[in-house]
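Take a look at the letters that make up each chain.
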Amino acid sequence: MPGENNGNGTVEPAMALPAHTPWRTITVGSTLKPIVETTAPWDNVSPRFPTKNTYKFGKSTWSWILWQDNSICWDDQVEYIRLAKSMGYPYVLIDDWWDSNIGYECMGELADYARSQGVELFLWYSSSGWWNDIEQSPINVMCDAILRKQAMRWMQSIGVKGIKVDFFGGDKQETMRLYEEILSDADDHGLMVIFHGCTLPRGWERMYPNYVGSEAVLASENLYFDQHFCDVEARNTALHPFLRNTVGCMEFGGCFLSRTLNRGNDPTKGGNHRRTTDAHELATTVLFQNPIQNFAIAPENLNEVGKGGAPELCLDFLRQVPTTWDETVFVDGYPGKYCVLARRHGNTWYIAGNNATGRELTLKLSLPMLAKGDKATLYADNPKTREPERRELKVTAKPVTVTMADQGGFVIVR
């Protein structure tokens, strides 16, 4: 639209001949299965450039989602680095204002400290300042080729492993070109890239070796900002696997283990209240896919239960769940009601489901990846307390029966 980018730039794309335009794909099926399992966005593209780098995907902690802007300081980032170490996560994401609140010199020291704990850094940048009038810094770096490369050389020198670039102004050709320039320059400096406040990816996982996700959805920050999004979280969780996550990887930043969304998980200090069960939150780690997962856990989740802590079985699950998948199978569901997906990582299957029907839901599932006599681990809701339980599941017959609380979920690991 003409108003994108504060009116800057044309809505008439131009290119030299011979020219190639992007593919636009539509997936149609007589059932939901081929839609959920489609690979069309990746089948119709080719890699844009080779890389000499090896990128390591994985999980990350992220202070901003619960502790907000005030957490972008040395002491709080040290806490989140220690949380990442405790969880066995390779990364910590440091969000906006780090350039003024921590500073460039201290950021090098923080990177060294994180590396001593087995953790590496991702840093936040605005895509610019002039086309969105935002204040969160660093601004006016990623939009300037010279400043962008200087910043990336500096990040490479201190060992930063990736960037999160936020607040894009639209989908005009100039902006689409900026995405590619950021990815190309970042690869030259060994940096992975997450985009936020951005357009949908279209085969970018295959096109760019250092691309690791786009938000392009009403993501987890909305749960923090408005109780309404907590109230409808289960419904949205039952929508995204049919819609947003069929198009491309989704950097949602979810899986809250805090019941009250504030610093400290303290119900006496205000904040929105999560309606979903813990088993539901665990299921989102499988239902949603992104090679770098910035989970919404917090240091207080390591405390005793009742003092902001989360059940140990949930923490154990979040230590082991992978972020990349070799195969996805749609099992059952209907958009906005419930969804059951099976994803395979190596030889291990994760079968996850959630329930947004407004009532307890019992399903009899056909799971061909489970053979009779198999032993698996089931994470599920206690039907009376809604608290999470972990127990052994022995497959004695087919189909396999599971029960989910309203706004609940389950995960089977085999």
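Read on for a plain summary of the structure. What you are looking at is a predicted structure, and each value in this text was computed from that prediction instead of being measured.

Attention shifts here to the packing of helix 4 (residues 74-87) against helix 6 (residues 104-116). Relative orientation of the contacting elements helix 4 and helix 6 amounts to 20°, with a least axis distance of 11 Å. With respect to their mutual orientation, helix 4 and helix 6 come out roughly parallel. The handedness of the crossing between helix 4 and helix 6 is right-handed. Between helix 4 and helix 6, the contacting residues are W74, Q77, V78, I81 and R82 on the first element and C106, E109, L110, Y113 and A114 on the second. Each residue belonging to the contact of helix 4 with helix 6 can be placed in one class, and the counts come to 7 nonpolar, 1 polar and 2 charged.

What follows is about the environment of Y125. On the secondary structure map, Y125 appears in strand 3 (residues 120-126). Taking relative accessible area as the criterion, Y125 reaches 0% and is therefore assigned buried. As a C-alpha pair, Y125 and Q136 span 11 residues in sequence and 8.5 Å in three-dimensional space. Apart from the residues lying within four places of it in its own chain, the contact partners of Y125 are W98, P138, V141, M142, A151, W154, M155, I163, K164, V165 and D166.

Right, let's talk about the pairing of strand 3 for a bit. Summarising burial for strand 3: 7 of the 7 residues are buried, a large majority. Residue alternation in strand 3 divides its side chains into two sets, E120, F122, W124 and S126 and L121, L123 and Y125, and both sets are buried. Judged from the 4 bridges that link them, strand 2 (residues 91-94) and strand 3 form a sheet pairing that is parallel. Bridged to L93 within strand 3 is F122. Strand direction decides the pairing type here: strand 3 and strand 4 (residues 162-166), joined by 5 bridges, are parallel. Along strand 4, the bridge assignment pairs W124 with K164. After leaving strand 3, the chain enters helix 7 (residues 145-158) and then returns to the sheet as strand 4, a path that is right-handed.

What follows covers the sheet that holds strand 12 (residues 348-355). Two modes of strand pairing occur in sheets, parallel and antiparallel, and in both the strands are linked by backbone hydrogen bonds. As summarised here, the arrangement of the 6 strands in space is 10-11-12-17-14-15, forming an open sheet in which the pairing is antiparallel. Bordering the open sheet on either side are strand 10 (327-334) and strand 15 (388-394), each of which pairs with just one other strand. Adjacent strand axes in the sheet meet at a mean angle of 15°, parallel and antiparallel pairs treated alike. Contacts from helix 14 (residues 278-287) reach strand 11 (338-345), strand 12, strand 14 (375-381), strand 15 and strand 17 (409-413), with the element oriented near 125° to strand 12. Against the sheet, helix 15 (residues 312-320) makes contact with strand 12, strand 14, strand 15 and strand 17, and its axis sits at roughly 65° relative to strand 15, the strand it touches most.

Taken as a whole and assessed by the stated rule, the structure comprises 26 aromatic pairs. Taking the centre distance of 5.2 Å and the plane angle of 55° together, the rings of Y179 and W204 count as tilted. Placement of the pair is Y179 in helix 8 (residues 173-188) and W204 in helix 9 (residues 204-207), with a sequence separation of 25 residues. For W204, a relative accessible area of 7% translates into the label buried. Seen from their ring centres, W325 and Y350 are 5.5 Å apart, and the 70° between their planes marks the pair as edge-to-face. With W325 in the loop between helix 15 and strand 10 and Y350 in strand 12, the pair connects residues that are 25 residues apart, well separated along the chain. There is no split in this pair, since W325 and Y350 are both buried. Its end group placed over the ring of W67, R263 keeps NZ or CZ at 3.7 Å from the ring centre.

On to the side chain of E215. Looking at the secondary structure, you find E215 in the loop between strand 6 (211-214) and helix 10 (221-225). For the buried E215, which has no salt bridge, the nearest side chain bearing the opposite charge is K164, at an N-O separation of 7.0 Å. A distance of 2.9 Å separates a polar atom in the side chain of E215 from the backbone nitrogen of G197. Those residues within four positions of E215 in sequence are excluded, and the remaining contacts are F195, H196, G197, C198, E221, R244, M250 and E251.

Calculation notes
Residues numbered from 1 in each chain as written. Predicted model: local features only at pLDDT ≥ 70, side-chain atom pairs only at ≥ 80, totals over all residues. Heavy atoms only, no water. Axes fitted to C-alpha atoms, helices over the stretch in contact; angles between N-to-C directions. Helix = DSSP H or I, 4+ residues; strand = E, 2+ residues; numbered from the N terminus. Parallel < 35°, antiparallel > 145°, perpendicular 65-115°, else oblique. Left-handed = near helix turned anticlockwise from the far one by under 90°. Contact = heavy atoms within 4.5 Å. Nonpolar A, V, L, I, M, F, W, Y, C, P; charged D, E, K, R; others polar. Buried < 20%, exposed > 50% of the residue type's maximum accessible area, 1.4 Å probe, protein only. Pairing = 2+ DSSP bridges. Right-handed = clockwise from strand over helix to strand, strands pointing away. Phe/Tyr/Trp six-rings, centres within 6.5 Å; stacked < 30°, edge-to-face > 60°. Lys NZ or Arg CZ within 6 Å of the ring centre and 35° of its normal. Lys, Arg positive; Asp, Glu negative; His and termini not counted. Salt bridge = Lys/Arg side-chain N within 4 Å of Asp/Glu carboxyl O. Polar contact = N/O pair within 3.5 Å; in protein donor to acceptor, adjacent residues only side chain to side chain.

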